Amino acid sequence: MTTRPATQKNLLWLQSGGCGGCSQSLLCAEAPDLVMAFESAGIRLLWHPSLSEASGADFRGLLEQIKAGEVRLDILCLEGSVIRGPNGTGQFHRMAGSDQPMMAWIDDLAHRAEHVVAVGSCAAYGGITAAGDNPSDACGLQYDGEENTGLLGADFTARGGLSVVNIAGCPTHPNWVTETLMQIASGQLHARDLDALGRPRSYADHLVHHGCPRNEYYEYKASAEKPSDLGCMMEHLGCLGTQAHADCNTRLWNGEGSCLRGGYACINCTAPCFEEPGHPFNETPKIAGIPVGLPTDMPKAWFVALASLSKAAAPARLKENAVSDHIRVSPTQRGKGS
Amino acid sequence: MSRRILGPFNRVEGDVEVQLDIVDGTVREAWVVSLLYRGFEQILQGKAPQDALVYTPRICGICSVSQSVAAATALADCQGLQMPANGQTATNLVLANENVADHLTHFYLFFMPDFAREVYATDAWYPYIAERFRAVKGTAIREVLPARAQFMHLMGLLAGKWPHSLALQPGGTTRAVEIQEQMRISSILFGFRRFLESTLFGDRLENILALDSLAALQAWADQFPWQHSDFCRFLHVAEKLQLDELGRAGDTFMSNGVYPGQTAPLFRRGVWTNDGLSPLEPDDIREDISHGWMAQGEDGAAPKHPFDGLTVPDAEARDGYSWCKAPRLDGQVVEVGALARQVVDGHPLLRDLARHSGGNVRNRVIGRLLEIARVVVAMEGWARELLPGEPYCNHAPMPDQAEGCGLIEAARGSLGHWVKIEKGRIRNYQIIAPTTWNFSPRDAEGQPGALEQALVGAPVRAGEKDPVSVQHIVRSFDPCMVCTVH
């Protein structure tokens, strides 16, 4: 029997150096919708920037109540990266109506919360906001890129005993967020449920490659050459689906989509440092014609040998369809093939 | 006189602070402070041009597709690339999907919950409006979230996902829709129309589109009890609170025009004032940094055209009070948004409203709702125009040296990207977002931005910490603060 929370869990959601896209994605939650999902999980929204009535003084009053211990903070969600610049002052994001940088509020509240959740790759690792020369000196709650030298640092554990839960993704799938919050609210998220980068294993133990509708093209290395081609995008168009930790092609987005289904490459947005691949996103870097980034847990020599063999064996149907934007050659009917 | 600092403002995208001088219960002067600087224009420098399609949508999670389309348009301008008919139609559908969903989100989740505030508890309409629109707990959000999510299945079909799709390319879209998906797109639109007609409007979309004057709108609403639909509920409250007298700015309305068609865009480009319509000259756009936390260039603080724009943040800048620059059109402050777009395009109802009372809280909301009806009807036509089997995307090499601009309309107004490519890399990338126009700080001439103007005269009730009139005015612009500074 699942343990239902005896009392409601109070959730506070803050935004800083990000785009708000994880919240917008969350509003696309279906079956159930977001409001229903929170209700069913016994999650009481103390405040969310896109949803709540309270503004200004009422909101600042809520933060004071939390600081005074008058309101329990069970779950703190941060969306967007922590902004440390310029020169460590955090003034690139001062909280409205306050003389404090958002960074200081986040630090204070994280130490009062039972659970601290980073929603999206920005809050987890710095993300897009940390791209280029990282002009705002953005980092994640616990991580700064791949190193756990973010705002809260390597040794941080929230009062509930877990390190920061990194629901990475750019944006996050609505159900990654709702399901993780439900697990937390029902006391069923444990350290063993997080991977080495703090991501919930519920979705991060999968690869984007799983369920990719282009799998047959991948098997025969029948490759797309330009945007809108149907073929596998790993060889030429920068697709990282075989390495990316997420269940995008088995769970699907906005009813029936995913990056691959939308006709464009996976850019591995659940990983730290995805924002700086070191080459144009839509090009596959190669050495001597062989893609540099191969599946992480497959011996390289085997991959190359299998790839050249399967490429040689590719049916003409796949070769032609791979460079077309719709199916030109149908699969052969058994017994009626030419 | 007292200086009042208000914030955070939630139910806007991002965060904003408003500082007010209040005299005798009235706002005398206002300053709008954009608080978050991330530095996308710096991040983009030195990148491969096509990487703008990854970075720029992530400026904003609510205008993501709009940023993609502006970037793709700017790159296509560099490449001299045209879309095939399917690519243009699919791009229009995806952009329209975002813009209409944003209007819906604004009305139900961001704007209307302010009328459930206790300050209105003694008004006759209050119990009904509070029950319907109260944040998180009202009855409306339970109907709107599923309707919105189903409507956005168009994104799953046409763009892979939302937000942050890479389906929008300079030469078209990457997702070639087949006949069976075309059928599904039409059926999704049918379902969304049913929601709009039953819940939002309480009438056929065609009857809403036929409203051609303030008198016609009033006559239409008078046919029904005030609780007939959510639009009727809004009109009732707007009348009781005289929202047409709240939040007027300078009444110069600008639109880049949007949704290209074979002969003309669905909504035309231009500038409208009470003197009539005039062409929009993009060469006349300048960004002033006199009151931004921005460092000057070698040639001083002179306002720059975006092709030559400079973005170097400086928290110590002398007269700075916002991370936002101040865009001006030929030196003028303009207002952008759905109202501006419809007034420029010439919709008779919005033109009539603008002539009567200019840009104000009520008219901005009516502009958005009217536009929902117009765009959804257009989407139904675009869905039928898709030709399965025909190409969706054209291709061309990216030049090593080029400049291009992409001027489009996001839900909340005019969005422009200007890119300069040198040696195959981005040399300069400048973005002016809708709320950069609307929420700009003062310029070197001392002209306040559109919201700063709109707040002057706002009434402040006795004892109010966060004046509700200010809440209505700020949100009537449907601000997107993450876009504003970027």
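Cut-offs and rules
Residues numbered from 1 in each chain as written. Chains lettered and ligands numbered in written order. Predicted model: local features only at pLDDT ≥ 70, side-chain atom pairs only at ≥ 80, totals over all residues. Helix = DSSP H or I, 4+ residues; strand = E, 2+ residues; numbered from the N terminus. Rg over C-alpha atoms; globule rule 2.2 N^0.38 Å. Buried ≥ 20, exposed ≤ 12 C-beta atoms within 10 Å, placed from the backbone. Contact = placed C-beta atoms within 7 Å. Nonpolar A, V, L, I, M, F, W, Y, C, P; charged D, E, K, R; others polar. Pairing = 2+ DSSP bridges. Axes fitted to C-alpha atoms, helices over the stretch in contact; angles between N-to-C directions. Domains from an automatic or database assignment. Core = buried A, V, L, I, M, F, W, Y, C linked by C-beta atoms within 7 Å. Expected span 1.5 Å × (residues − 1). Left-handed = near helix turned anticlockwise from the far one by under 90°. Parallel < 35°, antiparallel > 145°, perpendicular 65-115°, else oblique.

A. Broad picture of the overall build of chain A. A count of helical and extended segments in chain A gives 11 helices and 9 strands. What you see for chain A is a C-alpha radius of gyration of 22 Å, in line with the 20 Å of a compact globule of 338 residues. Dimensions of chain A, computed from C-alpha atoms along their principal axes, come out at roughly 80 × 50 × 35 Å. Counting all 338 residues of chain A, 56% fall into the buried class. A separation of at least 24 residues holds for 69% of the contacts in chain A among residues at least 6 apart in sequence.

B. Representation of the overall build of chain B in the model. The helix and strand inventory of chain B stands at 18 helices and 13 strands. Against the compact-globule benchmark of 23 Å for 486 residues, chain B has a radius of gyration of 22 Å, which places it among compact chains. For chain B, the residues scored as buried account for 61% of the 486 residues in total. Taking all contacts inside chain B whose residues are at least 6 apart in sequence as the whole, residues at least 24 apart take part in 71%.

C. Focus on the interface of chain B and chain A. Listed per partner, the contact involves 72 residues of chain B and 62 residues of chain A. Of all the secondary-structure elements, those providing two or more residues to the side of chain B that touches chain A are β1 (2–6), β2 (16–23), α1 (40–43), α2 (52–55), α6 (139–151) and α7 (153–159) of chain B. Top contributing element to the side of chain B that touches chain A by residue count: α6(B), with 6 residues. Here the side of chain B that touches chain A is composed, by residue class, of 39 nonpolar, 18 polar and 15 charged.

D. Fine view of the sheet that holds strand β11 (residues 402–410) of chain B. All names here are of chain B. Here 3 strands make up an open sheet; going across it, the order is β11-β12-β13 and the pairing antiparallel. The outermost strands of the open sheet, each flanked by one partner alone, are β11 and β13 (425–432). If you compare each strand with its neighbour and ignore which way they point, the axes differ by 15° on average. As judged from the 7 bridges shared by strand β12 (residues 413–422) and β13, these two strands associate in the antiparallel manner.

E. Up close: the domain arrangement of chain A. All names here are of chain A. Segmenting chain A into domains produces domain 1 (9–203) and domain 2 (206–326). With centres defined by C-alpha atoms, the gap from domain 1 to domain 2 works out at 32 Å. Residue composition of the side of domain 1 that touches domain 2, by class: 10 nonpolar, 6 polar and 2 charged.

F. The arrangement of the nonpolar core in detail. By size, the foremost hydrophobic cluster in this structure holds 264 residues, and its most contacted members are L76(A), A118(A), L141(A), V16(B), L158(B) and L455(B). For this core, the leading source of residues is helix α4 (residues 85–111) of chain B, giving 13 residues. The residue makeup of this core includes at least three contributed by each of domain 1 (9–203) and domain 2 (206–326) of chain A. Ignoring anything within four residues of it in the chain, the contact list for L141(A) reads L78(A), V82(A), A110(A), V116(A), A118(A), A123(A), G150(A), L151(A), L152(A) and V164(A).

G. Quick look at unusual backbone geometry. The step from A31(A) to P32(A) runs through a cis peptide bond, and the omega angle for that step is 5°. Within the fold, P32(A) resides in the loop between α1 (21–26) and α2 (34–41).

H. Region of interest: helix α6 (residues 174–185) of chain A. Residue and element names in this part refer to chain A. Compared with the 16 Å implied by 1.5 Å per residue over 12 residues, the 17 Å span of α6 between its first and last C-alpha is a close match. Counting buried residues along α6, 10 of its 12 residues qualify, which places the element largely inside the surrounding structure. Listing the buried residues of α6 in full gives P174, N175, W176, V177, T178, T180, L181, M182, I184 and A185. The first or second residue beyond α6 is G187, which carries a positive phi of 70°.

I. Molecular detail of the packing of helix α14 (residues 361–385) of chain B against helix α17 (residues 468–476) of chain B. All names here are of chain B. It is at 9 Å that the axes of α14 and α17 come closest, and there the two elements cross at 35°. Handedness of the α14/α17 crossing: left-handed. Two secondary-structure elements touch here, α14 through V361, R364 and V365 and α17 through H472, I473 and S476. Here the contact of α14 with α17 is built from residues that sort into 3 nonpolar, 2 polar and 1 charged.

J. Representation of the packing of α6(B) against helix α8 (residues 179–201) of chain B. All names here are of chain B. In contact at an axis separation of 9 Å, α6 and α8 are set at 155° when each is read in the N-to-C sense. One finds that α6 runs roughly antiparallel with respect to α8. At the point where α6 passes α8, the crossing takes the left-handed sense. Touching E143, A147, Q150 and F151 of α6 are I188, G191, F192, F195 and T199, all from α8.

K. Geometry of the sheet that holds strand β6 (residues 253–255) of chain B. Residue and element names in this part refer to chain B. Spatially, β6-β7-β8 is the arrangement adopted by the 3 strands of the open sheet, whose pairing is antiparallel. Two strands bound the open sheet, and with one partner strand each, they are β6 and β8 (276–278). When strand polarity is set aside, the average angle formed by the axes of neighbouring strands in this sheet is 20°. Pairing of strand β7 (residues 270–273) with β8, which is carried by 3 bridges, proceeds in the antiparallel orientation.

L. Geometry of the environment of V312(B). Residue and element names in this part refer to chain B. As for its placement among the helices and strands, V312 is situated in the loop between β9 (285–288) and β10 (326–329). The exposure class of V312 is partly exposed, given the 14 C-beta atoms found within 10 Å. Apart from residues lying up to four places away in sequence, V312 is in contact with M294 and A295.

M. Molecular detail of the environment of V177(A). All names here are of chain A. Within the secondary structure, V177 is located in helix α6. Given 26 C-beta atoms within 10 Å, V177 falls into the buried group. C-alpha of V177 to C-alpha of A118: the two residues are 59 residues apart in sequence and 9.8 Å apart in space. V177 has contacts with L26, V119, I167 and T172, leaving out every residue within four places of it along the chain.

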